[in-house]
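# A closer look at the structure
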Amino acid sequence: MKIKINYIKNIAVLTVDGKININSSKLIESVAGLLDKGVSKLIIDMQKVDFVDYNGLSVIAITYKNVLNNNSAMKLCGIAPHIQELFRVVKLDDVFEIYNDINSAVSGFEVATDGIRAKSRPGIQPLRRKFARLDMDIPVTYRLSLPGKCFATTEILTGRIENISGAGLFVRSINLLPPGSEVSVGVKLNNDQEPRYFNGVVMWLADKNLQPWLFPGMGIAFTDISYGIRENILQFIEKNATHRKG
């Protein structure tokens, strides 16, 4: 991973090139160095980032928490569609201010001076979602699909779905599994008599400080999902969209 730093007025723009994963502590260090110099406005430009995994999400989250702890602000921009889905599945799009490009992110700082969140203002286009997300509250069961990888158990665990999309779901539960855990999830949609089972991977655990309204919970991205099953999920979401939370 390479990082190039430029300035637009008093805003530091960090252009990240490559993968954001467990070896990306350079991002944390670069931002920390800027904060030490008194920089209070930062943009992370991810248009050259082609891969982010669950360790990468942790790197970005740690970076963001350091910014907040220094009473500063950070925005993200230029996120590829497949990475947008990852952010959306784990509801990080509700935590970060995410923009299409550098210009809109810069404008976000300019219109936020009145105390209103920039991404709620006209003319500022944040992350565009490929899949609609339906907020809901229904029971879910899940268990490790590869017993022995994280725990030597096939115990069926329970929780409640916070939201679902064509890319994954967010589960509230006190029985959390580590990021990277491969799971089988059973969900009853519509009037199903028996659960529909989906394979997925735990991508993110809700952070108590960043996402207190979701804690404890975890974001699960669907894996090996067929076109037909995804279409069933999308139809379910469309049918029930009027019940989404405000």
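Right, let's walk through the structure included here. Because the structure is predicted, anything quoted here is derived from the model rather than measured. (Residues numbered from 1 in each chain as written. Predicted model: local features only at pLDDT ≥ 70, side-chain atom pairs only at ≥ 80, totals over all residues. Heavy atoms only, no water.)

## Side note on the overall build of the protein chain
The helix and strand tally for the protein chain stands at five helices and 11 strands. Put simply, the protein chain has 246 residues, and 48% of those count as buried. Here the analysis covers contacts within the protein chain between residues at least 6 apart in sequence; of these, 64% occur between residues at least 24 apart. By element, 50% of the accessible surface of the protein chain is carried by carbon and sulfur atoms, the whole surface being about 12300 Å². (Helix = DSSP H or I, 4+ residues; strand = E, 2+ residues; numbered from the N terminus. Buried < 20%, exposed > 50% of the residue type's maximum accessible area, 1.4 Å probe, protein only. Contact = heavy atoms within 4.5 Å. Areas by Shrake-Rupley, 256 points an atom, 1.4 Å probe, with all protein chains shown as cover.)

## With respect to the sheet that holds strand β8 (residues 168-172)
Read around the closed barrel, six strands run β6-β7-β8-β11-β10-β9, paired in antiparallel fashion. Along the sheet, successive strands turn relative to each other by an average axial angle of 45°, direction set aside. Of the strand pairs in this sheet, strand β6 (residues 134-144) and strand β7 (residues 157-164) are connected by seven bridges, and their pairing is antiparallel. Paired with Leu134 across the strands is Ile164, a residue of β7. (Pairing = 2+ DSSP bridges. Axes fitted to C-alpha atoms, helices over the stretch in contact; angles between N-to-C directions.)

## Focus: the pairing of strand β2 (residues 11-20)
Most of β2 is tucked away, with eight of its 10 residues classed as buried. Taken together, the seven bridges between strand β1 (residues 2-8) and β2 define a ladder with antiparallel strand orientation. Counted as the bridge partner of Ile3 is Val16 from β2. The antiparallel hairpin formed by β1 and β2 contains two residues in its connecting segment, where Lys9 sits at a positive phi of about 60°. By the bridge criterion, eight bridges tie β2 to strand β3 (residues 41-52) in an arrangement that is parallel. Each residue of the ladder has a partner; that of Lys19, found in β3, is Phe51. Crossover connection from β2 via helix α1 (residues 25-36) to parallel β3: handedness right-handed. (Right-handed = clockwise from strand over helix to strand, strands pointing away.)

## Looking at the pattern of salt bridges
Tallying each qualifying case throughout the model produces seven salt bridges. Between Asp137 and Arg160 there is a salt bridge; the shortest N-O distance is 2.6 Å. Residue Asp137 is found in strand β6, and its partner Arg160 is found in strand β7; the two are separated by 23 residues along the sequence. On the basis of relative accessible area, Arg160 is assigned to the partly exposed category, the value being 37%. Residue Asp192 is joined to Arg196 by a salt bridge in which the shortest nitrogen-to-oxygen separation is 2.7 Å. Judged by relative accessible area, which is 27%, Arg196 ranks as partly exposed. (Salt bridge = Lys/Arg side-chain N within 4 Å of Asp/Glu carboxyl O.)

## Some words on unusual backbone geometry
Across residues other than glycine, the phi torsion is negative in most instances, and most of the peptide bonds are trans. In this model, Phe215 is joined to Pro216 through a cis peptide bond whose omega is -5°. As for its position among the elements, Pro216 is in the loop between β10 (196-205) and β11 (217-222). Backbone geometry places Lys9, a non-glycine residue, at a positive phi of 60°. With respect to the secondary-structure elements, Lys9 resides in the loop between β1 and β2. A relative accessible area of 70% means that Lys9 is categorised as exposed. For Asn71, which is not glycine, the phi dihedral falls at a positive 55°. Tracing the backbone shows Asn71 in the loop between α2 (54-69) and β4 (73-77).

## Here's the deal with the packing of α1 against α2
It is at 9 Å that the axes of α1 and α2 come closest, and there the two elements cross at 10°. When the interaxial angle is binned, α1 and α2 end up roughly parallel. On the side of α1, the interface is formed by Leu27, Ile28, Val31 and Leu35, while α2 contributes Val59, Ile60, Ile62, Thr63, Asn66 and Val67. Here the contact of α1 with α2 is composed, by residue class, of eight nonpolar, two polar and no charged. (Parallel < 35°, antiparallel > 145°, perpendicular 65-115°, else oblique. Nonpolar A, V, L, I, M, F, W, Y, C, P; charged D, E, K, R; others polar.)

## Description of the packing of aromatic side chains
The description of an aromatic ring pair uses the distance of the two centres, along with the angle that the planes make with each other. The tally for this structure, following the rule as stated, stands at three aromatic pairs. For the pair Tyr64 and Phe96, a centre-to-centre distance of 4.8 Å together with 90° between the ring planes defines the contact as edge-to-face. Of this pair, Tyr64 sits in helix α2 while Phe96 sits in the loop between α3 (81-89) and β5 (97-99), and the two are 32 residues apart along the sequence. On the accessibility criterion, Tyr64 (11% relative accessible area) is buried. Measuring from centroid to centroid gives 5.3 Å for Phe198 and Phe222, while their planes differ by 40°, and the two rings are tilted. Within this pair, whereas Phe198 is found in strand β10, its partner Phe222 is found in strand β11, the two being separated by 24 residues in sequence. Classification of Phe198 by relative accessible area gives buried; the value is 3%. Owing to a relative accessible area of 11%, Phe222 belongs among the buried residues under this scheme. In this structure, Lys75 packs its charged tip against the face of Phe109, placed 4.4 Å from the ring centre. (Phe/Tyr/Trp six-rings, centres within 6.5 Å; stacked < 30°, edge-to-face > 60°. Lys NZ or Arg CZ within 6 Å of the ring centre and 35° of its normal.)

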